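# Tertiary structure, described
Each chain, letter by letter, is given below.
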Amino acid sequence: MKVYKIIASVLGIGYVGKGGGTIAALLYCIIWLLLPVAYSDSVWQWVIAFFIIAIGIVSGNKVDEIWGKDSSKVVIDEVAGMCVALLFVPQKIVYAFIALVLFRFFDIVKPAGIKSLEKWPGGWGVMADDVLAGVYALIGIKLLLQVQYFL
């Protein structure tokens, strides 16, 4: 069970309390920025995102039994959402910042179907709403990149 707690809390970040989700998302942004530039065009992004989502579902199922439904200690979902938000986005600090702001906005406000995904059972509900928030953030960044391209 200890391994599931470590994974779900992203090495203990979830124990910070309020703001733990933002810290976990920011940590992923920093790691993403430190990866080789070729990573932003690599299929490895999909592999890593899928892996994080999968281990998030499994660990979310396990810790749900102890911590309760979608505990604030679980922040692996924020990491998964940031993985999605940064898929095939140019590796620049400005885009990481925009992705973080958009992702946290959608994750907190929960518009257009995000809130309903929280009702899914166990780890699926924990992860699904953040993955969809990441999709919305990614769409926002891609639209911004297209507008910027035409200016």
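All figures in this text were calculated on a predicted structure; none of them were measured in a lab.

## Looking at the overall build of the protein
Scanning the protein from N- to C-terminus turns up seven helices and zero strands. Shown N-terminal to C-terminal, the secondary structure of the protein runs as helices and strands in the order α-α-α-α-α-α-α. In terms of overall size, the protein behaves like a compact globule, its C-alpha atoms giving a radius of gyration of 15 Å where 151 residues would be expected to give roughly 15 Å. When the backbone C-alpha atoms are referred to their principal axes, the protein occupies close to 50 × 35 × 25 Å. Evaluated residue by residue, the protein yields a buried proportion of 46% over its 151 residues. Accessible area for the protein stands at about 8000 Å²; split by element, carbon and sulfur atoms hold 75% of it. Charge separation in the protein, taken as the distance between the mean sites of 12 positive and 10 negative side-chain charges, equals 3 Å.

## So, the packing of helix 2 (residues 20–34) against helix 5 (residues 93–109)
In contact at an axis separation of 10 Å, helix 2 and helix 5 are set at 155° when each is read in the N-to-C sense. Relative to helix 5, helix 2 is oriented roughly antiparallel. Crossing handedness for the pair helix 2 and helix 5: right-handed. Along its contact with helix 2, which presents Gly-21, Thr-22, Ala-25, Leu-26, Cys-29, Trp-32 and Leu-33, the element helix 5 presents Ile-93, Ala-96, Leu-100, Phe-103 and Arg-104. Its residues assigned to classes, the contact of helix 2 with helix 5 shows nine nonpolar, two polar and one charged.

## Here we look at the pattern of salt bridges
According to the stated counting rule, one finds six salt bridges in the structure shown. Across the pair Arg-104 and Asp-107 runs a salt bridge, and its minimum N-O distance is 2.6 Å. Residue Arg-104 and its partner Asp-107 are both found in helix 5; the two are separated by three residues, about one turn of the helix. Judged by its relative accessible area of 15%, Arg-104 is buried.

## Looking at the side chain of Lys-110
Within the secondary structure, Lys-110 is located in the loop between helix 5 and helix 6 (114–117). Residue classification places Lys-110 among the buried residues on the basis of a relative accessible area of 16%. At 2.7 Å, the side chain of Lys-110 forms a polar contact with the backbone oxygen of Asp-107. Here Asp-129 takes part through its side chain, which lies 3.0 Å from a polar atom of the side chain of Lys-110.

## Side note on the nonpolar core
Formed by 41 residues in total, the largest nonpolar core has its most connected members in Tyr-28, Trp-32, Val-74, Met-82 and Leu-86. Elements supplying a minimum of two residues to this core: helix 2, helix 3 (44–67), helix 4 (76–85), helix 5 and helix 7 (122–150). Broken down by element, this core gets its largest block of residues, eight residues, from helix 7. Once you skip the residues sitting within four places of it in the chain, Val-74 turns out to touch Ala-8, Val-63, Trp-67 and Val-126.

Rules behind the numbers
Residues numbered from 1 in each chain as written. Predicted model: local features only at pLDDT ≥ 70, side-chain atom pairs only at ≥ 80, totals over all residues. Heavy atoms only, no water. Helix = DSSP H or I, 4+ residues; strand = E, 2+ residues; numbered from the N terminus. Rg over C-alpha atoms; globule rule 2.2 N^0.38 Å. Buried < 20%, exposed > 50% of the residue type's maximum accessible area, 1.4 Å probe, protein only. Areas by Shrake-Rupley, 256 points an atom, 1.4 Å probe, with all protein chains shown as cover. Lys, Arg positive; Asp, Glu negative; His and termini not counted. Charge placed at Lys NZ, Arg CZ, Asp CG, Glu CD. Axes fitted to C-alpha atoms, helices over the stretch in contact; angles between N-to-C directions. Parallel < 35°, antiparallel > 145°, perpendicular 65-115°, else oblique. Left-handed = near helix turned anticlockwise from the far one by under 90°. Contact = heavy atoms within 4.5 Å. Nonpolar A, V, L, I, M, F, W, Y, C, P; charged D, E, K, R; others polar. Salt bridge = Lys/Arg side-chain N within 4 Å of Asp/Glu carboxyl O. Polar contact = N/O pair within 3.5 Å; in protein donor to acceptor, adjacent residues only side chain to side chain. Core = buried A, V, L, I, M, F, W, Y, C linked by side-chain atoms within 4.5 Å.

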